[in-house]
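# Structural overview
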Amino acid sequence: MRTPADIIGVVQPLIPALRRYARALLRDRDDADDLVQDVLERAVARWHLRQGASPRPWLFAILHNLAIDRLRQRGRRGIPLQLDAVPEERLAAPASQEASVDQADILTLISRLPEEHRSVLLLIGVEELSYAEAATVLGVAQGTIMSRLSRARERLRRMAEETGGASLRPSLRIVS
Amino acid sequence: MSKTPVTEAELQAHVDGRLPPERSAEVEAWLADHPDEARRLSSYRSQRDALRAALDPVLDEPVPLALDLRIGEPARRRWTGGGRPLVAASAAGLLLLGGAGGWTLRDWSAPPSVGTAGLAREAISSFAVYASDSTRPVELAADHQRALDGWFSERLSRPVSAPNLEAAGLHLIGGRLVASEHGPAGLYLYRNAAGESVALYVRPMDVEKTDRMTSRGEKGVRGWTWADDGLGFGVFGSAPDGYLHDTANLVRAQFRKA
């Protein structure tokens with residue numbers, strides 16, 4: 001069965017962002033794309049249940065919940081959540097050699113944050129959801145989003161300082 | 001200067017550029033008097049920028065076929081067919097979606113003789129014919145690996161070399177050039193201590209220049225295909241699927257590093 005054109009029109013433009021969020025959470029390109037495929041399947045099947053919900057947070061909520069399930073399964077199967085073993089080539093393609101060092105650093109740092117902190121940093125900072133939309137995705141109050149955001153940023157700042165700090169200031173870093 | 005006290009929530013919103021302009025100006029003025037807080041916020045901004053820089057390249061990647069809603073059946077589960085949703089869009093669908101932008105008929109009406117599905121069929125045939133050949137499975141043996149790599153690189157018009165698969169217990173026995181309808185393809189053959197053969201098939205891709213790793217199988221031969229940056233790969237054999245998958249991952253990692 002072909003996907004109706006109206007759904008394609010709304011969902012297709014959001015696929016790159018869904019892939020980005022999935023990859024940031026799972027840190028593995030194949031797993032992330034597999035997850036997005038699950039999301040699309042569900043979204044198409046349940047489109048009629050959306051009932052006026054804005055598509056972007058609705059899709060991110062499906063993605064987030066499925067991602068958490070997968071991370072838990074990984075945990076149960078004994079696969080470490082911190083995926084240092086995943087070669088960086090399977091993550092985002094780096095723009096340049098120096099950038100890749102810093103980008104790998106920030107991804108490693110956020111992988112050490114609790115999941116609820118990592119999600120909020122990604123949804124607000126990278127996906128640019130509104131605070132209200134992020135609250136919908138994560139199923140918490142907007143006040144909770146604000147306090148998680150504040151704690152997550154501070155925690156990340158401390159971690160970055162402990163590991164040398166330079167990782168968050170790529171433009172100041174010279175690698176000769 | 002504002003008399004309304006600045007809140008932590010406002011500072012966070014300021015980092016995100018989400019305060020109304022008037023309030024934003026007031027917070028700016030407040031920050032000018034609180035350099036420690038200004039530094040803290042600046043660090044938060046750097047975090048966010050670094051995170052975006054690390055993840056934004058994903059947006060520039062082509063959307064994989066398996067995720068493309070404009071192609072027939074978007075989300076058919078892989079375990080139902082062992083393959084990706086194939087490009088079975090009807091002419092009606094084509095007319096309906098013709099205006100969707102940037103897409104040509106050629107891009108998405110590709111029959112399975114092209115793309116990594118086509119590559120899989122070629123690789124399976126090559127494996128079936130050559131791996132079982134007890135007289136001369138390869139044209140050039142592993143002790144001429146340099147010549148073999150040079151030959152493939154020249155015919156495929158890009159640097160190719162036999163990956164080291166010792167980690168999977170596989171030793172190169174050699175390779176040969178094979179013909180496909182898409183031009184020359186390189187076939188490396190490996191063997192493990194148990195005598196199992198594994199073929200690595202590689203050729204340039206016209207369609208699906210980048211494609212995720214996908215499980216394939218036909219006539220008792222199993223394996224995995226993928227494409228990176230215009231080069232398509234197939235790892236095939238009659239060994240267990242997990243073993244072939246591990247081998248395919250080894251191959252992919254080495255080619256991406258090269």
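Calculation rules
Residues numbered from 1 in each chain as written. Chains lettered and ligands numbered in written order. Predicted model: local features only at pLDDT ≥ 70, side-chain atom pairs only at ≥ 80, totals over all residues. Helix = DSSP H or I, 4+ residues; strand = E, 2+ residues; numbered from the N terminus. Buried ≥ 20, exposed ≤ 12 C-beta atoms within 10 Å, placed from the backbone. Contact = placed C-beta atoms within 7 Å. Axes fitted to C-alpha atoms, helices over the stretch in contact; angles between N-to-C directions. Parallel < 35°, antiparallel > 145°, perpendicular 65-115°, else oblique. Left-handed = near helix turned anticlockwise from the far one by under 90°. Expected span 1.5 Å × (residues − 1). pLDDT = per-residue confidence, 0-100. Pairing = 2+ DSSP bridges. Nonpolar A, V, L, I, M, F, W, Y, C, P; charged D, E, K, R; others polar.

## A look at the overall build of chain B
Along chain B, the regular secondary structure elements total ten helices and seven strands. Burial analysis of chain B (258 residues in total) assigns 35% to the buried set. At a minimum sequence separation of 6, the contacts of chain B that also span at least 24 residues come to 55%.

## Describing the packing of helix H6 (residues 115-126) of chain A against helix H7 (residues 131-138) of chain A
If you want to describe how two helices pack, look at the angle between their axes and the distance between the axes. All names here are of chain A. It is the contact of H6 with H7, at a shortest axis distance of 10 Å, that shows an interaxial angle of 140°. On the basis of the axis angle, H6 is oblique to H7. Read as a crossing pair, H6 and H7 show a hand that is right-handed. Side by side, H6 and H7 meet where Ser119, Val120, Leu123 and Ile124 of the first sit next to Ala134, Val137 and Leu138 of the second.

## As for helix H2 (residues 21-32) of chain B
Between its first and last C-alpha atoms H2(B) spans 17 Å; for twelve residues at 1.5 Å apiece the expected length is 16 Å, and the two agree. Counting buried positions over the twelve residues of H2(B) gives one, only a small fraction of the element.

## Regarding the confidence of the model for chain A
Residues and elements named next belong to chain A. With 76% of its residues at a pLDDT of 70 or more, chain A has an overall mean of 81. Within the model, the stretch residues 80-101 combines pLDDT values under 50 with 38 contacts to residues more than four positions away or in other chains. The low-confidence segment residues 169-176 (pLDDT under 50) makes ten contacts with residues lying over four places distant or belonging to another chain.

## Some remarks on the confidence of the model for chain B
Predicted coordinates in areas of low pLDDT are best not read in detail. All names here are of chain B. Across chain B, the average pLDDT comes to 81, with 83% of residues at 70 or higher. Averaged pLDDT values for the elements of chain B fall to 32 in helix H7 (residues 105-108) and rise to 95 in strand S4 (residues 197-204). Low confidence marks residues 74-111, where pLDDT is under 50. Its contacts with residues over four positions away, or in another chain, come to 47 contacts. Taken over the whole predicted complex, pTM reads 0.54, whereas the ipTM for its chain interfaces reads 0.80.

## Side note on H6(A)
Residue and element names in this part refer to chain A. Helix length check: H6 (twelve residues) gives 15 Å between terminal C-alpha atoms against 16 Å at 1.5 Å per residue, within 8%. Of all the residues in H6, the buried ones are Ser119, Val120, Leu121, Leu122, Leu123, Ile124, Gly125 and Val126. One or two steps after H6, the chain reaches glutamate 128, where phi turns positive at roughly 55°.

## Section: the sheet that holds strand S3 (residues 183-192) of chain B
Residues and elements named next belong to chain B. Overall, antiparallel pairing links the seven strands, which are arranged S1-S2-S3-S4-S7-S6-S5 in an open sheet. The sheet is open, and its two borders are formed by strand S1 (140-141) and strand S5 (211-218), each paired with just one other strand. Inspection of the sheet shows S1 paired to strand S2 (residues 170-180) by two bridges, in the antiparallel sense. Bridged to leucine 140 within S2 is glycine 175. Along the sheet face, helix H10 (residues 241-257) touches S2, S4, S5, strand S6 (221-228) and strand S7 (231-237) and points at about 25° away from the line of S6.

## Considerations on the environment of Ala45(A)
Residue and element names in this part refer to chain A. With respect to the element layout, alanine 45 can be found in helix H3 (residues 29-45). The class of alanine 45 is exposed, set by 10 C-beta atoms lying within 10 Å. Between the C-alpha atom of alanine 45 and that of threonine 3, which follows or precedes it by 42 residues, the distance is 9.5 Å.

## Observations regarding the packing of helix H2 (residues 15-26) of chain A against helix H4 (residues 55-76) of chain A
Residues and elements named next belong to chain A. As a packed pair, H2 and H4 sit with axes 10 Å apart at the nearest point and diverge in direction by 25°. Considering their axes alone, H2 and H4 lie roughly parallel with respect to each other. Where H2 crosses over H4, the two elements pack in a sense that is right-handed. Where H2 approaches H4, its residues Leu18, Tyr21, Ala22, Leu25 and Leu26 are matched on the opposing element by Leu59, Phe60, Leu63, Ala67 and Arg70. Class assignment for the residues of the contact of H2 with H4 results in nine nonpolar, no polar and one charged.

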